[in-house]
Amino acid sequence: MLDLIRSTLKAITPVSPNRIGIAQAHLDALTKPPKSLGLLEDLAIKYAAIRDTDHPTIKNKSVIIFAADHGVTEEGISAYPAKVTPQMVQNFLDGGAAVNVLAKQQGAEVLVVDIGVNHRFDPHPKLLDRKIAFGTRNLAKEPAMSRAEAEEAITIGIQVATQLADKEVDLLATGEMGIGNTTASSAIFSVLSGLPVNQVTGRGTGINDKTLGKKITVIQRALALHSPDPEDPIDI
């Protein structure tokens, strides 16, 4: 697993400045005032540079939602119980969520990857079963995952992206679902950024002041307990 992660990282290279220049020149030659399309032009230039072509196309699009439960919900840091995670996954599969509506407007397929939901789903054509465990453990008391599980999760993401690229998906959007997710992500971001927990932790599902205070305390306690290495993202 680690070999795939390392080889994937090694294969990521900067975009060509020459390609950026060509795309900018093309846009400037069109019958419109320069820069008049604002951020849309920046996106077009980025896309052309990333695809490394003068004539980029977007034929096939996919939205991938990675779903998993978080053991830290035991600490009462969310406005919703953990059982909402599988309910929302089923909503995605049934086409009833906001992301389904937005994706349909753009002609994009929506796929859900069950990477760790505490529930066993029936087979579904839009569901990829890649379950590592039935949820993570409570990060306030123990590591949410082992290092091997973290490496497996990253590897699964790489494999799913590669499979879609092989199917000629030109544009890929990623998302995630899991009650307790903003507690985990705030903890991760605090370590990576070096910013205090209270500056990077929000209300998530709309919790009140008391629960927000508990959420911040839980993250602070977890980081003190585990002391993750800021220079080692997988450790984090």
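Above this text is the structure in question.
In this text, all values refer to a predicted model and were calculated from it rather than measured experimentally.

Caption draft 1: Up close: the overall build of the protein chain. Regarding its fold elements, the protein chain presents nine helices and four strands. Counted from the first residue to the last, the protein chain has its helices and strands arranged as α-α-α-β-α-α-β-β-α-β-α-α-α. Projected onto its principal axes, the C-alpha coordinates of the protein chain cover approximately 60 × 40 × 40 Å. When the 236 residues of the protein chain are sorted by exposure, 37% land in the buried category. Here the contacts in the protein chain between residues at least 6 apart in sequence split such that 65% fall between residues at least 24 apart. Summing over all exposed atoms, the protein chain offers an accessible surface of approximately 14,000 Å²; the carbon and sulfur share of this is 57%.

Caption draft 2: Fine view of the nonpolar core. The biggest cluster of nonpolar side chains holds 17 residues, and the ones touching the most others in it are Val63, Ile65, Ala67, Val89, Phe92, Val112 and Met177. The set of elements that each furnish at least two residues to this core consists of strand S1 (61–68), helix H4 (84–94) and strand S2 (109–116). Counting residues per element, this core draws most heavily on H4, at four residues. Setting aside residues up to four positions removed in sequence, Val112 forms contacts with Ile65, Ala67, Val89, Phe92, Leu93, Lys126, Leu127 and Leu128. Ala68, Leu111, Ile115 and Leu128 belong to the second largest nonpolar core, which has 10 residues in total.

Caption draft 3: Structural view of the environment of Glu149. Residue placement: Glu149 occurs in helix H6 (residues 147–166). In this structure Glu149 comes out as buried when scored by relative accessible area, which is 16%. For the pair Glu149 and Val101, spaced 48 residues apart in the sequence, the C-alpha separation amounts to 33 Å. Ignoring sequence-local partners within four residues, the contact set of Glu149 consists of Ile132, Ala133 and Arg137.

Caption draft 4: Up close: the pattern of salt bridges. Counted according to the given criterion, the structure contains 12 salt bridges. Residue Glu41 is joined to Lys32 by a salt bridge in which the shortest nitrogen-to-oxygen separation is 2.6 Å. Residue Lys32 is classed as buried on the basis of its relative accessible area of 18%. Taking the shortest distance from any N to any O, the salt bridge between Asp209 and Arg203 comes out at 2.5 Å. Exposure remark for Asp209: the relative accessible area of 58% places this residue in the exposed category. A network of salt bridges, in which partner residues are shared, links Arg19, Asp52 and Asp54.

Caption draft 5: Expanded view of the layout of surface pockets. The volume enclosed by the largest pocket comes to roughly 1,400 Å³. If you go around the largest pocket, you meet 44 residues; those closest to its centre are His70, Thr136, Met145, Ala184 and Ile188. Counting only elements with at least two residues in the lining of the largest pocket, the list comes to S1, S2, H6, strand S4 (171–177), helix H7 (181–193) and helix H9 (209–226). Here the second largest pocket is characterised by a volume of approximately 470 Å³. Taken together, 13 residues form the lining of the second largest pocket, with Ile50, Ala165, Val169, Asp170 and Leu172 sitting closest to its centre. Secondary-structure elements contributing two or more residues to the lining of the second largest pocket are helix H3 (39–51), H6 and S4. The greatest single-element share of the lining of the second largest pocket, amounting to four residues, is contributed by H6.

Calculation criteria
- Residues numbered from 1 in each chain as written.
- Predicted model: local features only at pLDDT ≥ 70, side-chain atom pairs only at ≥ 80, totals over all residues.
- Heavy atoms only, no water.
- Helix = DSSP H or I, 4+ residues; strand = E, 2+ residues; numbered from the N terminus.
- Buried < 20%, exposed > 50% of the residue type's maximum accessible area, 1.4 Å probe, protein only.
- Contact = heavy atoms within 4.5 Å.
- Areas by Shrake-Rupley, 256 points an atom, 1.4 Å probe, with all protein chains shown as cover.
- Core = buried A, V, L, I, M, F, W, Y, C linked by side-chain atoms within 4.5 Å.
- Salt bridge = Lys/Arg side-chain N within 4 Å of Asp/Glu carboxyl O.
- 1 Å grid on protein atoms, 1.4 Å probe; cavity = no way out; pocket = protein on both sides within 12 Å on 5 of 7 lines; lining within 4 Å.
- Points joined across faces, edges and corners; volume = space filled by probe spheres on them.

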